[in-house]
Amino acid sequence: MNKHLEPVNAMERIQALDVLRGLSLLGILLVNMIGFHSPYGYYNPYEWWKYGDLTVYAWLDVLVQGSFYPIFAMMFGYGLVIMQRRSAIRGTSFWKISLRRLSVLLIFGIIHAFFIWYGDILITYALMGMVLLMFLRLSGPWLMALGWALYLLPQLFLSGMLVLASLFDTASLADYIDIAGLQQAEITYSSGSFMDITIQRIADWKASNLSGGLIIYLFLILPMLMIGAGAGKMQWLEKAGSQWKKWLVILLIALPVGIAVKMLPFFAGLSISFQYIQDAIGGPILGMAYVAAIVLIMRSAKAAKWLHPLSSAGRMSITIYIMQSVIGTLIFYHYGLGLYGEVSLATGTWLAFAIYIIQVIFAEIWLAKFKQGPIEKFWRFLTYGNNKKRGAVNEVNEL
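Residues numbered from 1 in each chain as written. Predicted model: local features only at pLDDT ≥ 70, side-chain atom pairs only at ≥ 80, totals over all residues. Heavy atoms only, no water.

- Per an unreviewed UniProt entry, the protein chain is named DUF418 domain-containing protein, and its organism is Siminovitchia fortis.

**Let's talk about helix α5 (residues 94-115)**
- In a regular helix each residue adds 1.5 Å, so 22 residues correspond to 32 Å; α5 covers 31 Å between its end C-alpha atoms and thus fits that length.
- Those residues of α5 not exposed but buried are F94, I97, S98, R101, L102, V104, L105, F108, G109, H112, A113 and F114.
- Taking the backbone nitrogen of K96 as reference, a side-chain oxygen 3.3 Å away marks S93 as the first, capping residue of α5. (Helix = DSSP H or I, 4+ residues; strand = E, 2+ residues; numbered from the N terminus. Expected span 1.5 Å × (residues − 1). Buried < 20%, exposed > 50% of the residue type's maximum accessible area, 1.4 Å probe, protein only. Polar contact = N/O pair within 3.5 Å; in protein donor to acceptor, adjacent residues only side chain to side chain.)

**Thoughts on the environment of G230**
- By the element assignment, G230 lies in helix α10 (residues 213-233).
- Measuring from C-alpha to C-alpha, the distance between G230 and Q243 comes to 16 Å, with 13 residues separating the pair along the chain.
- Residues contacting G230, with those up to four places away along its chain left out, are G140, L143 and M144. (Contact = heavy atoms within 4.5 Å.)

**Quick word on the UniProt feature "domain: DUF418" (unreviewed entry) in the protein chain**
- Those places that UniProt annotates as "domain: DUF418" (unreviewed entry) correspond, in this numbering, to residues 231-385.
- Secondary structure content for residues 231-385 is 77% helix and 0% strand, while the C-alpha to C-alpha distance between its ends is 31 Å. (UniProt positions renumbered as here; feature names shortened; annotations may be inferred.)

**Side note on the packing of helix α4 (residues 69-90) against helix α13 (residues 272-297)**
- Where α4 contacts α13, the axes come no closer than 8 Å and their chain directions differ by 65 degrees. For the crossing formed where α4 meets α13, the hand is right-handed. Of the residues in α13, those touching α4 at P70, I71 and M74 are P284, G287, M288, Y290 and V291.
- For the contact of α4 with α13, the class distribution of residues is seven nonpolar, one polar and no charged. (Axes fitted to C-alpha atoms, helices over the stretch in contact; angles between N-to-C directions. Left-handed = near helix turned anticlockwise from the far one by under 90°. Nonpolar A, V, L, I, M, F, W, Y, C, P; charged D, E, K, R; others polar.)

**Concerning the confidence of the model for the protein chain**
- Residues of the protein chain with pLDDT of at least 70 account for 90%, and the chain-wide mean is 88.
- Confidence over residues 1-13 falls short of pLDDT 50; this stretch has 16 contacts with residues more than four positions distant or in other chains. (pLDDT = per-residue confidence, 0-100.)

**Here's the deal with α13**
- In this model, α13 (26 residues) spans 36 Å end to end at C-alpha, consistent with the 38 Å of a helix rising 1.5 Å per residue.
- Of all the bends found along α13, the most pronounced is centred on G282 and spans about 40 degrees, while P284, a proline, follows it within four residues.
- Counting buried positions over the 26 residues of α13 gives 20, a clear majority of the element. (Bend = angle between axes of the 7 residues up to and from the residue.)

**A few points about unusual backbone geometry**
- One non-glycine residue, Y51, lies in the positive phi region at around 55 degrees.
- Looking at the element boundaries, Y51 is found in helix α3 (residues 51-63).
- Within the chain, Q235 stands out as a residue other than glycine whose phi angle is a positive 55 degrees.

**A look at the packing of aromatic side chains**
- Inspection of every chain in the model, using the stated rule, returns 22 aromatic pairs.
- Judged by centre distance (4.6 Å) and plane angle (35 degrees), the rings of W366 and F370 are tilted.
- According to the relative accessible area criterion, W366 is partly exposed, its value standing at 24%.
- Members of the aromatic cluster, connected to one another through ring pairs, are Y40, Y43, Y46, W48, W49, Y57 and F266. (Phe/Tyr/Trp six-rings, centres within 6.5 Å; stacked < 30°, edge-to-face > 60°.)

Quick look at the structure:
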């Protein structure tokens, strides 16, 4: 067998999970960066951005938007299964430890959402993770099947309803522009005090999450966690070396289908219905293609070595994620450099790449000296206290 195509060993398979987590952080930052420097969510991006920025947004819309948070969510579920398996081996209480860890993560999310950036995902992951715990007694195939059913059936039904509605109403993306909200966000984030911005942050979080949002996450985020947990139960990453044909089939199907669905609005029209289908259906499918591509690439020992910096970012994913928000808001909000609304989308995108590269270098340097990222270490302390024996169960691939 070609030495570059030999199955990876156990630690490298865990590295694959961390690489996927690290890669998802780049995709998440590319999308979040738009919200850092402009009132994203209040406007129609295809009307707001012009010329080169419009082209940049189109590329982000197709290749990034809606495709990387599913990867992060699936790896979250996969990591919980690893934790469950190791807890069983060591005879520790998985339920007790998991609830404590997720409760701490929820607190992190509340602090992040209300005092750093309203577009937080940690609150959602903590709450949906608690729901996932009730399903982890199921087998891998059942978890994965239930996850896909819970995701696709509601999304297909809602997509169909939106398409039918569009036949009688030619509504475009412009219909969801909130002029008053847009102006308020621009004024507050560009010139408000920290307290003003905090009030705006909380209002923006409520608008995104309390108007049916948390219920919607049961059909958006929870299924992705279940799919990842199902894959973890079946050890898809651990067995990637011997099951590479399965991953190749996933790639060959998911990539063209995902790209086609993501391109749908550009051919069928930029209506709300097609935009929804693009993200809700096309996003996770393309995300699966990215996962399959990384798994196949990492069958090469040389490629796995080259991707090691991404795994370092993945190993300290919470630190990296919160750092992105801290850096982004300090650059653009008034209590920082005050550049809100002052940069182009192209500049913001390049800045996101630069920030991520610096973070990857930081992660490599940090993990050369320490076993965990600073927030991960604090998270572990709040979960286990000084009990190193109990905490050892999650030294690898924890989230």
